[in-house]
Amino acid sequence: MTCCSRLGGFIAVYWRTFVLIIVPLVASLVFHFDTDPAYRCMFVVIVMAIYWITQALPLPVTSLLPVVLFPLMGILDTDRTCMMYMKETIVMLICGIILALAVESCNLHKRIALVVIQIVGCSHRKLFFGLTLVTMFISMWTANTAACAMMSPVTKAVLEELESQGLCKMWLTNSDKEGEQKERLPSKITICYFAGAAYAANLGGCGTLIGTGTNLTFKGIYETRFPTENIDFLRFMVFNVPPMIISNILIYFYLQIVFMGMFRPGSSAAKDAYIDEQGETIARNVIRGKYEELGTITIHEITVAILFLVSVLLFFTRRPGFTTGWADVLSEVSIKDGTPAVLVVILMFVLPEKWTWLNYFKRNPDNLPTESSPGVITWKYINDKTPWGLVFLLGGGFALAEAGKVSGMSLMLGQSLIVLENLNPLVILLIVCVAAQVFTEFSANVAICNILLPVLAEMAIAIKIHPLQLMLPAAISCSYAFMLPVGTPAVAFVAGLGNIQSKDLMIAGIGPKIITIMVIWIAFPIWGLVIYPEAADFPDWAKENETETWRRFSMLFDPYTMFE
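Please read these numbers as outputs of a predicted model, since none were measured by experiment.

Peer 1: Go over the overall build of the chain, please, and point to the residues and values.
Peer 2: Across its full length, the chain holds 26 helices and two strands. The C-alpha radius of gyration of the chain comes to 26 Å, within 12% of the 24 Å expected for a compact globule of 564 residues. For the chain, with 564 residues in total, the buried portion stands at 51%. Residue pairs at least 24 apart in sequence account for 74% of intrachain contacts in the chain once pairs closer than 6 positions are excluded.

Printed below as a string of structure tokens:
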């Protein structure tokens with residue numbers, strides 16, 4: 001073994017150690033320019049950004065570095081840094097995860113999926129539409145990965161049943177020259193179903209604040225930087241649902257055209273995806289059988305469904321804007337979405353899974369329970385299933401944003417980008433959306449969001465653009481990772497489950513990438529300013545710096561005049 005090959009093997013095995021050591025040394029070059037707090041904060045940001053991207057340390061561990069580095073480097077004190085790790089936004093994240101786990105524990109998601117599929121139909125096109133529709137809806141209220149993990153086994157089971165009936169082919173087998181079988185590769189139909197589930201999960205997560213970590217990251221960073229502003233659940237959802245639905249429909253057609261031969265009836269893909277009426281009947285019987293295996297709906301499922309609806313109702317009516325909300329009536333202090341979220345979680349432990357205690361009040365009870373029923377969900381189940389690392393990942397991002405503001409680093413970076421002021425505002429928005437979507441393909445989307453949003457906040461002020469104009473589309477774009485498994489866990493999950501090769505994932509993802517860039521780029525100038533009309537004017541705290549560029553931007557993004 002030569003010295004070069006031995007060195008290469010050593011680096012290949014211990015590359016993480018090299019990254020851990022070399023990155024701080026390289027990042028320390030920023031002190032060549034200055035040692036002010038802004039440059040000290042920049043040092044920490046560079047180190048954490050590269051650790052996040054390379055995953056030299058686990059993402060949650062890297063997210064804890066501010067607790068050590070900020071106090072030691074005189075950027076933020078320990079108390080203020082630690083407070084960033086338990087903001088209202090993170091409480092909403094935890095409660096959203098618990099709500100998703102409650103739905104999963106009682107199999108309510110499977111019942112909803114099978115009912116929707118029976119209603120929609122059982123041809124491949126209808127099955128695919130029904131599964132993606134349910135995945136998108138579930139992902140609006142749960143983490144993307146959780147929604148994908150819930151629905152992918154259902155999709156896999158349906159495809160296996162259809163394959164056993166000769167209605168589709170899930171796998172293709174490579175053979176070598178001697179005819180020996182090698183690895184199983186997914187068929188085009190399998191790629192379409194699994195990729196569609198991951199993409200629907202990513203899109204659905206954009207629909208509500210609790211749908212994905214990037215939305216809550218945006219809320220936390222925006223409200224930290226601009227304390228007088230509030231990103232509420234209702235307006236966020238009303239803005240994001242239409243682009244989400246439009247993107248899902250366009251991606252549905254793209255995947256159908258590429259992998260199932262839609263509009264190409266003579267193609268092999270269209271022939272493989274065709275199911276006649278007899279086949280649809282068989283598929284429908286399979287779905288009905290799966291539904292019957294769940295049995296009759298239980299009181300556990302009903303209780304979870306009621307709590308789910310109650311949580312949505314409380315979010316919507318807290319402060320709807322067009323009328324007085326319950327939060328305005330009950331208290332003069334500010335009540336945010338974290339309060340009703342925690343209330344619903346507490347009720348999950350108060351309300352029983354089984355209501356057998358009512359037997360004690362019957363005249364002639366059949367059987368009396370000998371022990372009390374556990375709650376709708378147990379803490380052990382939550383503790384085993386909750387990805388607690390995501391809490392630290394969001395907290396680390398909020399700590400970076402706070403330090404960037406206090407130290408002046410974000411302001412310095414934003415001012416350095418003032419040269420963009422001379423660009424057309426639509427071009428600026430397009431650059432931001434494309435950059436966010438490209439970066440998020442190579443690293444965790446929450447990590448990219450944590451790095452990007454504080455800089456965009458200061459850049460928007462520097463070039464006289466309302467921060468919402470750039471920060472909200474950028475945050476949504478950070479969820480649009482479709483081409484590489486490293487981008488989002490949902491894509492990684494289906495790539496592993498379906499053994500989807502990188503080239504197939506690239507083909508499947510390039511269309512959704514282009515579609516979502518165009519949709520989000522168009523959505524905010526047209527629909528966003530209807531939902532967030534205050535974003536059409538430069539904020540009061542910066543009007544003294546208003547320029548002709550901002551006036552031109554405001555007129556260009558005015559939904560009533562932009563097409564004149």
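Moving on from the model shown.
Peer 1: So what about the nonpolar core? Which residues, and what values?
Peer 2: Tyr199 and Phe218 are the most contacted members of the largest nonpolar core, which totals 166 residues. The element best represented in this core is helix H6 (residues 88–105), accounting for twelve residues. Not counting residues up to four positions away in its chain, the partners in contact with tyrosine 199 are Ile251, Leu255, Phe482, Val491, Leu505, Ala508, Gly509 and Pro512.

Peer 1: Any details on the environment of serine 164? Residues and values, ideally.
Peer 2: When you line up the elements, serine 164 lands in helix H9 (residues 144–164). Taking relative accessible area as the criterion, serine 164 reaches 54% and is therefore assigned exposed.

Peer 1: Tell me about the side chain of threonine 155, residues and numbers included.
Peer 2: Inspection of the secondary structure assignment puts threonine 155 in helix H9. Not counting chain neighbours up to four residues away, the residues in contact with threonine 155 comprise Leu131, Tyr193 and Phe194.

Peer 1: Which residues make up H9, and what values do they have?
Peer 2: Over its 21 residues, H9 extends 30 Å from the first C-alpha to the last, a length consistent with the 30 Å expected when each residue adds 1.5 Å. Of all the residues in H9, the buried ones are Asn144, Ala147, Cys148, Met150, Met151, Ser152, Val154, Thr155, Val158, Leu159 and Leu162. Contacts made by the buried residues of H9 are with H6, helix H7 (108–120), helix H8 (124–139), helix H10 (188–205), helix H14 (277–293) and helix H24 (489–497). Phi turns positive, to about 75 degrees, at glycine 166, one or two residues after H9.

Peer 1: Explain helix H19 (residues 389–407) to me, using residue names and the numbers behind them.
Peer 2: Taking 1.5 Å of rise per residue, 19 residues should cover 27 Å, and H19 covers 27 Å from first to last C-alpha, within 8% of that figure. Of all 19 residues making up H19, 14 are buried, and the element is well covered by its neighbours. Once H19 finishes, glycine 408 follows within two positions and takes phi at roughly 90 degrees, a positive value.

Peer 1: Hey, could you go over the packing of aromatic side chains for me, with residue numbers and the actual values?
Peer 2: Scanning the model with the defined rule gives 20 aromatic pairs in all. Between phenylalanine 349 and tryptophan 379, the ring centres sit 6.4 Å apart and the planes meet at 40 degrees, which makes this aromatic pair tilted. Of this pair, phenylalanine 349 sits in helix H17 (residues 338–350) while tryptophan 379 sits in helix H18 (residues 379–385); the two residues are 30 residues apart in sequence, bridging distant segments of the chain. Residue classification places phenylalanine 349 among the partly exposed positions, given a relative accessible area of 36%. Its relative accessible area of 47% is what places tryptophan 379 among the partly exposed residues. Cation over ring: lysine 87 sits above phenylalanine 398, and NZ or CZ is 5.9 Å from the ring centre.

Peer 1: Any details on the environment of lysine 380? Residues and values, ideally.
Peer 2: Mapped onto the secondary structure, lysine 380 falls in helix H18. Along the primary structure lysine 380 and serine 152 are separated by 228 residues, whereas in three dimensions their C-alpha atoms are 25 Å apart.

Peer 1: Requested: an account of the pattern of salt bridges, with residues and values cited.
Peer 2: For the structure on display, the rule yields 14 salt bridges. Its salt-bridge partner being lysine 219, residue glutamate 223 comes within 2.9 Å of it at the nearest N-O pair. One end of the pair is glutamate 223 and the other is lysine 219, both in helix H11 (residues 213–225) and four residues apart, which spans about a single turn. Comparing glutamate 223 with lysine 219 shows no difference in burial state: the two are buried.

Peer 1: Run through the packing of H10 against H24, naming residues and quoting values.
Peer 2: For any two helices packed against each other, the geometry is given by the interaxial angle and the distance between the axes. Where H10 meets H24, the axes come as close as 9 Å, and the angle between the chain directions of the two elements is 170 degrees. Taken together, the axes of H10 and H24 are roughly antiparallel relative to one another. In this structure, H10 meets H24 at a crossing whose hand is right-handed. Contacts between H10 and H24 involve Phe194, Ala198, Tyr199, Ala201 and Asn202 on the former and, on the latter, Ala490, Val491, Val494 and Leu497.

Peer 1: Now, about the confidence of the model for the chain: what can you tell me, with residues and values included?
Peer 2: Model confidence for the chain is summarised by a mean pLDDT of 83, while 93% of its residues fall at 70 or above. Ranking the helices and strands of the chain by mean pLDDT puts helix H4 (residues 65–72) first, with 94, and helix H26 (residues 548–556) last, with 41.

Peer 1: So what's going on with the environment of isoleucine 231? Which residues, and what values?
Peer 2: Positionally, isoleucine 231 belongs in the loop between H11 and helix H12 (233–259). Exposure remark for isoleucine 231: the relative accessible area of 2% places this residue in the buried category. Isoleucine 231 sits 197 residues away from aspartate 34 along the chain, and the two C-alpha atoms are 36 Å apart. Apart from the residues within four sequence positions on either side, isoleucine 231 is in contact with Leu209, Phe218, Lys219, Tyr222, Glu223, Phe236 and Leu468.

Peer 1: A description of unusual backbone geometry should follow, citing residues and the corresponding values.
Peer 2: Residue glutamine 55 is not a glycine yet carries a positive backbone phi of 55 degrees. Positive phi outside glycine occurs at lysine 464, with the angle close to 65 degrees. Along the chain, the position of lysine 464 falls in the loop between helix H22 (445–462) and helix H23 (467–477). You can call lysine 464 buried: its relative accessible area is 11%.

Peer 1: Please set out the side chain of asparagine 240 residue by residue, giving values where relevant.
Peer 2: Tracing the sequence through the fold places asparagine 240 in helix H12. A distance of 2.8 Å separates a polar atom in the side chain of asparagine 240 from the backbone oxygen of phenylalanine 236. Excluding its chain neighbours within four sequence positions, the residues that come into contact with asparagine 240 are Cys206, Gly207 and Ile476.

Peer 1: Tell me what's going on with the packing of H6 against helix H15 (residues 299–317), and back it up with residues and numbers.
Peer 2: Their axes nearest at 9 Å, the elements H6 and H15 cross at an angle of 155 degrees. As far as their axial angle goes, H15 and H6 are roughly antiparallel. Handedness of the H6/H15 crossing: left-handed. Where H6 approaches H15, its residues Leu99, Ala102, Val103 and Ser105 are matched on the opposing element by His300, Val304, Phe308 and Ser311.

Peer 1: Can you tell me about a nonpolar patch on the surface, naming the residues and giving the values?
Peer 2: Side chains of Leu7, Phe10, Ile11, Val13, Tyr14, Phe18, Ile21, Ile22, Leu25, Val26 and Leu29 sit close together on the surface and give an oily, nonpolar patch of about 1,100 Å² of accessible area. Relative to the assigned elements, isoleucine 11 resides in helix H1 (residues 3–27). Residue classification places isoleucine 11 among the partly exposed residues on the basis of a relative accessible area of 37%.

What counts, and where the lines are drawn
Residues numbered from 1 in each chain as written. Predicted model: local features only at pLDDT ≥ 70, side-chain atom pairs only at ≥ 80, totals over all residues. Heavy atoms only, no water. Helix = DSSP H or I, 4+ residues; strand = E, 2+ residues; numbered from the N terminus. Rg over C-alpha atoms; globule rule 2.2 N^0.38 Å. Buried < 20%, exposed > 50% of the residue type's maximum accessible area, 1.4 Å probe, protein only. Contact = heavy atoms within 4.5 Å. Core = buried A, V, L, I, M, F, W, Y, C linked by side-chain atoms within 4.5 Å. Expected span 1.5 Å × (residues − 1). Phe/Tyr/Trp six-rings, centres within 6.5 Å; stacked < 30°, edge-to-face > 60°. Lys NZ or Arg CZ within 6 Å of the ring centre and 35° of its normal. Salt bridge = Lys/Arg side-chain N within 4 Å of Asp/Glu carboxyl O. Axes fitted to C-alpha atoms, helices over the stretch in contact; angles between N-to-C directions. Parallel < 35°, antiparallel > 145°, perpendicular 65-115°, else oblique. Left-handed = near helix turned anticlockwise from the far one by under 90°. pLDDT = per-residue confidence, 0-100. Polar contact = N/O pair within 3.5 Å; in protein donor to acceptor, adjacent residues only side chain to side chain. Patch = residues over 30% accessible without salt bridge, like charges linked within 9 Å, V, L, I, M, F, W, Y side chains within 5 Å. Areas by Shrake-Rupley, 256 points an atom, 1.4 Å probe, with all protein chains shown as cover.

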